[in-house]
Amino acid sequence: MDYFKGVLSGLAAIFVQEFAFFWPTPNGSKASGLAALKGLLVESVLSPRFWIVGVLLFALFFAASRGSTVLRVLFFWIPTLTVSALGFSIVAMYAYLFAISRHQ
């Protein structure tokens with residue numbers, strides 16, 4: 001179960017930092033569509049701030065997973081499952097749009 005909590009903490013940390021902290025900061029490029037999405041994702045992953053925030057969020061979620069039952073539910077299970085579900089649904093939406101756009 002500790003392995004599952006670690007993986008879930010890592011996924012939630014990546015999704016939170018990507019969509020909450022780095023998503024609304026376009027770099028001024030004139031790219032549109034999937035090229036703009038690709039530029040934002042690559043730029044954020046190469047940033048040192050991305051890794052610092054990711055490690056801190058991972059530590060926060062993982063520490064919350066080891067607390068008492070109430071803290072574990074409030075600060076680990078609810079945020080990580082919600083963020084992971086929303087993150088996977090957004091990734092699935094973009095994958096679907098990418099697959100559909102290839103056929104046209």
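1. Describing the overall build of the protein chain
In step 1: Along the backbone of the protein chain there are 4 helices and 0 strands.
In step 2: Along the protein chain, helices and strands appear, N-terminal first, in the series α-α-α-α.
In step 3: Across the 104 residues that make up the protein chain, the buried fraction comes to 26%.
In step 4: Surface accessibility of the protein chain: about 7,100 Å² in total, with carbon and sulfur atoms responsible for 75%.

2. Observations regarding helix H3 (residues 48-65)
In step 1: The end-to-end C-alpha distance of H3 is 26 Å, a good match for the 26 Å that 18 residues give at a rise of 1.5 Å each.
In step 2: Those residues of H3 that sit buried are Phe 50, Val 53, Gly 54, Leu 57, Phe 61, Ala 64 and Ser 65. For H3, the angular spread of buried residues about the axis comes to 110°, placing them on one side. Exposed and oriented more than 90 degrees from the buried face of H3 are Pro 48, Trp 51, Ile 52, Val 55, Leu 56 and Ala 63.
In step 3: A side-chain oxygen of the first residue of H3 lies 3.2 Å from the backbone nitrogen of Arg 49; this N-cap is Ser 47.

3. A closer look at the packing of aromatic side chains
In step 1: Going through the model one piece at a time under the given rule, you end up with 5 aromatic pairs.
In step 2: Residues Phe 76 and Trp 77 carry aromatic rings whose centres are separated by 4.7 Å and whose planes lie at 75° to one another, so their mutual orientation is edge-to-face.
In step 3: Take Trp 77: its relative accessible area is 21%, and that puts it in the partly exposed class.
In step 4: An aromatic cluster is present here, built from Phe 4, Phe 76 and Trp 77 joined pairwise through their rings.

4. Thoughts on the side chain of Ser 47
In step 1: With respect to the helices and strands, the residue Ser 47 is situated in the loop between helix H2 (34-45) and H3.
In step 2: Side-chain polar atoms of Ser 47 contact the backbone nitrogen of Arg 49, separated by 3.2 Å.

5. Topic: helix H4 (residues 69-102)
Residues three or four positions apart in an α-helix share a direction because the helix packs 3.6 residues into each turn.
In step 1: Spanning 34 residues, H4 covers 47 Å between terminal C-alpha atoms, matching the ideal 50 Å at 1.5 Å per step.
In step 2: Trp 77 marks where H4 bends most, by close to 25°; the proline Pro 79 follows one to four residues later.
In step 3: When H4 is considered as a whole, its buried residues turn out to be Phe 76, Thr 80, Ser 84 and Gly 87.

Thresholds applied
- Residues numbered from 1 in each chain as written.
- Predicted model: local features only at pLDDT ≥ 70, side-chain atom pairs only at ≥ 80, totals over all residues.
- Heavy atoms only, no water.
- Helix = DSSP H or I, 4+ residues; strand = E, 2+ residues; numbered from the N terminus.
- Buried < 20%, exposed > 50% of the residue type's maximum accessible area, 1.4 Å probe, protein only.
- Areas by Shrake-Rupley, 256 points an atom, 1.4 Å probe, with all protein chains shown as cover.
- Expected span 1.5 Å × (residues − 1).
- Arc of directions from axis to C-beta.
- Polar contact = N/O pair within 3.5 Å; in protein donor to acceptor, adjacent residues only side chain to side chain.
- Phe/Tyr/Trp six-rings, centres within 6.5 Å; stacked < 30°, edge-to-face > 60°.
- Bend = angle between axes of the 7 residues up to and from the residue.

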